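Report on the structure
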Amino acid sequence: DQQVKQNSPSLSVQEGRISILNCDYTNSMFDYFLWYKKYPAEGPTFLISISSIKDKNEDGRFTVFLNKSAKHLSLHIVPSQPGDSAVYFCAASGRGGQNFVFGPGTRLSVLP
Amino acid sequence: NAGVMQNPRHLVRRRGQEARLRCSPMKGHSHVYWYRQLPEEGLKFMVYLQKENIIDESGMPKERFSAEFPKEGPSILRIQQVVRGDSAAYFCASSPLGGNTEAFFGQGTRLTVV
């Protein structure tokens, strides 16, 4: 049973436009959420995180939105750049030393 | 401040041999996580350790797999009597405080069983 879901396996966006990656979770004990980017043959790179006490966190071109009632979060990248092409993983953790649970990933392709 | 270091980057083992994967966390990080990524799949949690303690091993196969994080030295993921299905990329991550903080990943060890 997947606790963290990313229902779009892939997404293509034109350079300069906005990329929106979505993530849903089922476990109401999760209270911390993270996004990672991964290139082939490399480890995941931390991008941005958000605590459940907030509904938005912004860092440069990356913004994460959290809708707790819908158990949904999204990552917005604007403007998208070709170097953003990678697999993006959503992850969640909870209180009390829980591990990080990852979604299956969404492959983003930014077309020049 | 060096990042999470994993070695070796690539490891080839014959069926039945043992594989040892090492992970040195970032300086000041006492929490270590191991994940496995099978081809075309996402990251699957294996085990979460804090210095000298296993906190959560719910993702570890019951047999042949073990992990440790001693007081001194790197964390070790050990796979005994490897089989072809163990071929995967194994990633280690570390964090300073455990849950509710960012975890930073190493470059991974790609294990190939022939």
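Structure's up top.
Here goes a summary of the coordinates provided. As a convention, each chain's residues are numbered from 1 in the sequence order in which they are written. Chains and ligands are labelled by the order in which they are written, letters from A for the one and numbers from 1 for the other. Selection of residues for local features in this predicted model requires a pLDDT of at least 70, selection of side-chain atom pairs for listing and counting requires 80 or more, and totals for whole chains, interfaces and linings are taken over all residues. To get the side-chain values, all heavy atoms of the structure are used, and hydrogens and water are removed first.

**Focus: the overall build of chain B**
Defined as follows: Labels follow the DSSP assignment, with helices taken as runs of H or I lasting at least four residues and strands as runs of E lasting at least two, numbered in each case from the N terminus. Two things to know: the radius of gyration comes from C-alpha atoms, and the globule rule equals 2.2 Å times the number of residues to the power 0.38. Pairs of residues are marked as contacts when any of their non-hydrogen atoms sit within 4.5 Å. Values of accessible area rely on a 1.4 Å probe in the Shrake-Rupley scheme; residue burial ignores everything except the protein chains shown. For the charge count, each Lys or Arg is scored as positive and each Asp or Glu as negative, with His and the chain ends excluded. To locate a charge, take NZ of a lysine, CZ of an arginine, CG of an aspartate or CD of a glutamate.
Scanning chain B from terminus to terminus reveals zero helices and eleven strands. N-terminal to C-terminal, the α/β element order of chain B is β-β-β-β-β-β-β-β-β-β-β. Whereas a compact globule of 114 residues would reach a radius of gyration of roughly 13 Å, chain B reaches 13 Å, a difference of no more than 12%. Projecting the C-alpha coordinates of chain B onto the three principal axes gives extents of approximately 35 × 25 × 25 Å. The contacts of chain B with a sequence gap of at least 6 include a subset with a gap of at least 24, amounting to 53%. Per element, the accessible surface of chain B, about 5800 Å² overall, is 46% carbon and sulfur. In chain B, 16 side chains carry a positive charge and 11 a negative one; their mean positions are 7 Å apart.

**Digging into the pattern of salt bridges**
Side chains that differ in sign of charge can pair as their charged atoms come close. The cut-off we apply is this: Any carboxyl oxygen of Asp or Glu within 4 Å of a side-chain nitrogen of Lys or Arg constitutes a salt bridge here. Burial status follows relative accessibility: with a 1.4 Å probe on protein chains alone, a residue under 20% of its type maximum counts as buried, one over 50% as exposed, and anything between as partly exposed.
A complete count under the given rule lists five salt bridges over all chains for this structure. Of the charged contacts in the structure, one is a salt bridge between A:Asp84 and A:Arg61, with a shortest N-O distance of 2.8 Å. With a gap of 23 residues between them, A:Asp84 in the loop between β8 (72–77) and β9 (86–94) and A:Arg61 in the loop between β6 (56–59) and β7 (62–67) connect regions that are remote in the sequence. Between B:Asp86 and B:Arg64 there is a salt bridge, and its shortest N-O distance comes to 2.7 Å. One end of the pair, B:Asp86, is in the loop between β8 (75–79) and β9 (88–95); the other, B:Arg64, is in the loop between β6 (53–56) and β7 (65–68), and 22 residues separate them in sequence. On the accessibility criterion, B:Arg64 (24% relative accessible area) is partly exposed.

**Observations concerning the side chain of A:Thr63**
Here A:Thr63 shows up in strand β7. Each residue touching A:Thr63, except ones within four places of it in the same chain, is listed here: A:Ile48, A:Lys56, A:Asn57, A:Glu58, A:Ser74, A:Leu75 and A:His76.

**Concerning the interface of chain A and chain B**
Worth spelling out the cut-off: In this description, buried area is defined as the sum, over both parts, of the accessible area (probe of 1.4 Å) that is lost when the two are combined. Think of a polar contact as two N or O atoms within 3.5 Å of one another; within protein, one of them needs to be a possible hydrogen donor and the other a possible acceptor, and neighboring residues in sequence only count if both atoms come from side chains. When residues are grouped by polarity, Ala, Val, Leu, Ile, Met, Phe, Trp, Tyr, Cys and Pro land in nonpolar, Asp, Glu, Lys and Arg in charged, and all others, Gly among them, in polar.
Counting from both sides, the interface comprises 21 residues of chain A and, opposite them, 22 residues of chain B. With both chains or domains summed, chain A and chain B bury close to 1700 Å², and 56% of this area falls on carbon and sulfur atoms. The largest share of the area that chain A buries against chain B comes from A:Asn99, A:Phe100 and A:Phe102, three residues that together contribute 30% of it. Put simply, chain A and chain B have seven residue pairs in polar contact (both at pLDDT 80 or more) between them. Those elements that place two or more of their residues in the side of chain A that touches chain B are β4 (30–38), β5 (45–51) and β9 of chain A. At five residues, β4(A) tops the list of elements feeding residues into the side of chain A that touches chain B. In terms of residue class, the side of chain A that touches chain B is built from ten nonpolar, seven polar and four charged.

Worth remembering: the numbers are spatial, not functional.
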